[in-house]
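# Survey of secondary and tertiary structure
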Amino acid sequence: MIETLIVLAKIILALAWFLTLTLYLTWLERKESAVIQDRIGANRASILGLRVIGLFQPFADAIKMIFKEDFTPPFSKKILHNLAPFTSFFFVAVTIAVIPFGDKIEIGGRLINLQIIDTHVGLLLILALLSLGIYGILLSGWSSNNRYTIIGGLRGAAQMISYEIALGLSLVGLILVYPSLRLSEIVAYQGQHFWGWLPKWGIFLQPLGFLLFLFAALAETKRVPFDLPEGESEIIGFFTEYSGLKWGMFMMTDFMEVVIISCLITTLFFGGWQVPWLWADGFHFPWGTVWVLPRAVVVILQLLAFNLKVFFFCWFQILVRWTYPRFRYDQLMNFGWKLLIPLCFVNIMGTAIILSL
Amino acid sequence: MIKALEYFLEIIHGAWVTTRHFVVNMWFHTLNLLGIKTRRKGAVTIQYPEEKKEIAYRHRSLHRLLKREDGRPRCVVCMLCATTCPSECIYIEAAEDPEDDEFQKYPAKFIIDLSRCCFCGFCVEACPEDALRMDTQKIELAEYSRLDLLYDLEKLLQ
Amino acid sequence: MVKITIDGRQVEVKEGMTILQAAESIGIEIPHLCFHPAFPPEGSCRLCLVEIEGRPKLELACSTIVQEGMTISTQSETVRQARRSVLEFLLAEHPLDCPICDKAGNCQLQDYYQEYGLFDSQFKENKERKSKKVALGKNLILDRERCILCTRCVRFLKEITRTGELGVFQRGLRSEIDYFPGQPVDNNYSGNLAELCPVGAITDKDFRFQTRSWFLQSGPSICPHCSRACSIYIDYHVGFPRVELDKYVYRIRARENPEINDYWICDFGRYNYAYLEKKRATKVLVRENGQAQEGDWDSQIERLVKKIKEFYLKKKTNRIGLVLHSALTNEELYLAKKIFQEDLPEVNIFLIDPPEGEGDNWLLTPSRTPNLKGLELIGLQPQKFPPEKPLTELEILIIFAYLPHGEDQYNQLRSLLEKSHFSVLFTAHQTALMNQVDVVFPTTLLAEKEGSVVNVEEKLQKFPAALTPPGTARSEREILLTLGRGLGINFSFYRQLKTPAAVFDQLSQDISYFRGSK
């Protein structure tokens, strides 16, 4: 009973964290792009004249989306049309279940894992769930009764499948190195250090793997350099026929993918909640100094470290989105199949050879 | 291969440019938010309804009709403005002034339909009497009804 | 024939021609102001100077007769320089107040200044001020500053109208045009002076400051006000978007036609144009139980056709009355004759024309309709009106009314109307008759239709439609064709007559006068 309640609480907390972050990512995207381009960005939304640098903008957007007409095109597949955004949304939202937010903590004699489910196939589960996201795209494109949307949907599916392979293969090297597919164990493994000072993070173990994963993951989010499925401004994509809240869900899904990718990069390559040299009882600096800290402080520091890393990668992805122009479709495919996938194999072979030595 | 490397370097360079903008602008934004005045601002945006950009001296804004020293409009109804107007938005009707021997006619009606006007300024250039100018610096001309955009003699002489 | 060379082109021209005419005949334009083809050359403007090989000085093209072997150049540098100098002299006292001048846009001086000049004057003195508003007569205003003393107006009054009201007074610099004391230009041809003036010195009071000439479009037509049927241009304004103009037709101008009116028209025709847009009938009106309602063309025409057919089948066409006027084109009169005189026998046809007015001994005739001769030639045989013996009751009365000169002549119709059971009125203007008939159809005026008329001298003129008809108005030709087809007595005949030209072809095959005149 109490176990169930704990899991429920964890689910609620994790989802709240996830969705809030997503919501403010829309604000961050506007503001960051504005700052990059010497502008101010959205700053007009106000409550009783209080503007607070536009922090209320996400709420204004949400209210607008809720009150917009929810239009379903005639002759479309109504059920599938309604189902598609929820499919997209669901498969991304579920992924948060396996992300470890922190170390195990002890409350009232009970060990609580700061992770909703700590399954031994965590890594595979994430890849599987991310792959299922294709269905949302295909369904929306097909059910809209519009040639442009179905072409957009097919473009999206082709892109997602192509980069799915690179995404999976780029992690094989990592799987070879790490002792388990269990994400909590992967993070724990990264708490060790080389030669006592360099943290054993994935980025140092698999630098090439990291780059490949980064590109593949960016492609999976369907955002600007890889935004061929949608291309809102000109090429017309799969959710053209959506409006109001359903359109909002697709938009949310995009941002949630950004967060999930950030979480994954953090967990797999940047030590998850690990802080360099921070052990369970405090800092053990490589030059010998030991700085003992209470358990609660350590946990908070670890949670903070995880959050900061995730924020940084969110910021980084938005930076990428506002820096590069879109690929051409043939370039996209060439890049995926002729560069990323061969490099993945090179990475796997290299890793295997080094490990077998 | 070298070409590909160049591209790769350019990709990094691009990220560097945006990052630099971000960091520098954020620095000034933060300073300004803390109340520290800096010569450079973090953004070049003008907050329009509150702040207004100074309109250039030569900017073509709302038309006005000029008056002679005795207060009558300078316009002699040659209709060159109406002739040259590419959007056909000027309508003038002449009347005879029996007391004026020099010009003999004056505008009884002078209507500029701003809803059609494209602010090209040809009318001003065409005017041989320098009776029409576009230097009022008024650019906020929106109205709720199209008829309100028909500017007549009275409005234009102000 | 004389062989000459103009600007390197060898041409043969008729003996006795002036250089100006010879050049014009081959399309070379020599600028000129005082010369007008209607008068003998005067040579006062000095603008038409040309260079003739072998002559020491430049010669006037307007008054030099061509001679065998002359080599003339109209565009050499000397000639252009001379024109510039002459223009400079002409403009020495001309105020160049084109913005307020009604002539601007079709002013010859303006054109030449554009072409040869656009120079700054070398004269340092101020231009002399003269009176700008002298009433020359009831229709004309003279601006002495603009006058270049070409004396076209003086010559017109001396040689064409032979009234001679105007003259050049004073000498030299102070020369000015004026009328002889107590003798203002009030003859019936004064309006021509404003058109004749090559600059804007004499302007028309009627057109004064109304609009600018380049806004106007010209439609060629004929003047319907008397049996001379002079050729005219109707100048109308297509209007501005959004703002409605209160006028459509702005002026009438003479159209050159050496057979009938040369370059001139009379003031009666020139200033009577308000009828073109005032009080026009625009809708089909149907009276039912004393109430006038808007009806539609097709069903009402069909109603009329049915009625006529009924009496045709009963062989009682002598109970049908038709009132015509002679301001209809030949084509229309021909169709009326075909339908009401040949298809339907014994129809009572009456002719009611506006009462005769005063004529003068030149262009204006007493008769006030343009096509009286055409009616005779086509062979319509109207009865006298009022009829000598009182008519029995008429079943159908069809009236084509012509009202620009008032409607007094139709007063006699009232008694006839009361006696007829069904009456229709085809009219271009609103009239009191409208309250007494069953159906009113709006029709067009001569200016709005294509056709031909025969004037009092039996000269045939064809003209196109100058204006668009107001509202739903249709031309009488269309109406008569609909009637002819609807009656079905001679359907194939009317079916082939689709255009006015087709009707005219048919007409010229039938009637010898029109034969051979295309």
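Read on for an overview of the structure. (Residues numbered from 1 in each chain as written. Chains lettered and ligands numbered in written order. Predicted model: local features only at pLDDT ≥ 70, side-chain atom pairs only at ≥ 80, totals over all residues. Heavy atoms only, no water.)

What follows concerns the overall build of chain B. In terms of regular secondary structure, chain B is built from four helices and five strands. Counted from the first residue to the last, chain B has its helices and strands arranged as α-β-α-β-β-α-β-β-α. Taking 2.2 N^0.38 as the reference for a compact globule, 158 residues should give roughly 15 Å; the C-alpha atoms of chain B span a radius of gyration of 26 Å, well beyond that estimate. Counting only C-alpha atoms, chain B reaches 85 × 50 × 30 Å along its principal axes. (Helix = DSSP H or I, 4+ residues; strand = E, 2+ residues; numbered from the N terminus. Rg over C-alpha atoms; globule rule 2.2 N^0.38 Å.)

As a further point, take the interface of chain A and chain B. Contacts between the two partners involve 15 residues from chain A and, on the opposite side, 19 residues from chain B. Between chain A and chain B, the buried area comes to about 1,400 Å², and carbon and sulfur atoms account for 62% of it. For the chain A face of the interface with chain B, the top three residues by lost area are A:Val35, A:Asp38 and A:Tyr324, together amounting to 36%. Counting every contact that joins chain A to chain B gives two salt bridges. A salt bridge links B:Glu50 to A:Arg51; the nearest nitrogen and oxygen atoms lie 3.8 Å apart. Scanning the region where chain A abuts chain B turns up 10 residue pairs in polar contact (both at pLDDT 80 or more). A class-by-class count of the residues in the side of chain A that touches chain B yields eight nonpolar, two polar and five charged. (Contact = heavy atoms within 4.5 Å. Buried area = accessible area lost by both parts, 1.4 Å probe. Salt bridge = Lys/Arg side-chain N within 4 Å of Asp/Glu carboxyl O. Polar contact = N/O pair within 3.5 Å; in protein donor to acceptor, adjacent residues only side chain to side chain. Nonpolar A, V, L, I, M, F, W, Y, C, P; charged D, E, K, R; others polar.)

Once that is clear, we can look at the packing of aromatic side chains. By the definition in use, this model includes 49 aromatic pairs over all chains. Where A:Phe285 meets A:Trp287, the ring centres are 4.9 Å apart and the plane angle is 5°; that geometry is what we call stacked. Look at A:Trp287 and you get exposed, because its relative accessible area is 61%. An angle of 80° between the planes, with centres 5.3 Å apart, marks the rings of A:Phe312 and A:Phe313 as edge-to-face. Among the aromatic residues, those joined into a cluster by ring pairs are A:Trp201, A:Phe204, A:Phe210, A:Phe213, A:Phe269, A:Phe270, A:Phe312, A:Phe313, A:Trp315, A:Phe316 and B:Phe22. Over the face of the ring belonging to C:Phe311 we find C:Lys314, whose NZ or CZ atom lies 4.9 Å from the ring centre. (Phe/Tyr/Trp six-rings, centres within 6.5 Å; stacked < 30°, edge-to-face > 60°. Buried < 20%, exposed > 50% of the residue type's maximum accessible area, 1.4 Å probe, protein only. Lys NZ or Arg CZ within 6 Å of the ring centre and 35° of its normal.)

Before going further, it helps to examine the nonpolar core. Across soluble globular proteins, nonpolar side chains show a tendency to be buried alongside one another. One finds C:Ile4 and C:Leu193 to be the most contacted residues of the largest nonpolar core, which totals 82 residues. Residue assignment places this core across two domains, with domain 1 (2–92) and domain 2 (285–514) of chain C each supplying three or more. If we skip the residues at most four places from it in the chain, C:Ile4 touches C:Arg9, C:Gln10, C:Val11, C:Val13, C:Ala22, C:Val66, C:Gln67, C:Met70 and C:Ile72. Membership of the second largest hydrophobic core comes to 72 residues, among which are A:Ile6, A:Leu114, A:Leu130 and A:Phe306. (Core = buried A, V, L, I, M, F, W, Y, C linked by side-chain atoms within 4.5 Å. Domains from an automatic or database assignment.)

What follows deals with the interface of chain B and chain C. Taken together, the 26 residues of chain B in the interface contact 19 residues of chain C. A buried area of about 2,000 Å², summed over both sides, lies between chain B and chain C, and 60% of it is on carbon and sulfur atoms. Inspection of the region where chain B meets chain C yields three salt bridges. Taking the shortest distance from any N to any O, the salt bridge between C:Arg129 and B:Glu102 comes out at 3.0 Å. If you look at where chain B meets chain C, you find six residue pairs in polar contact (both at pLDDT 80 or more). Counting residues per element, the side of chain B that touches chain C draws most heavily on strand β2 (residues 90–96) of chain B, which supplies five residues. Here the residues of the side of chain B that touches chain C are counted per class, giving 13 nonpolar, three polar and 10 charged.

Everything listed is a geometric property; what it means functionally is a separate question.
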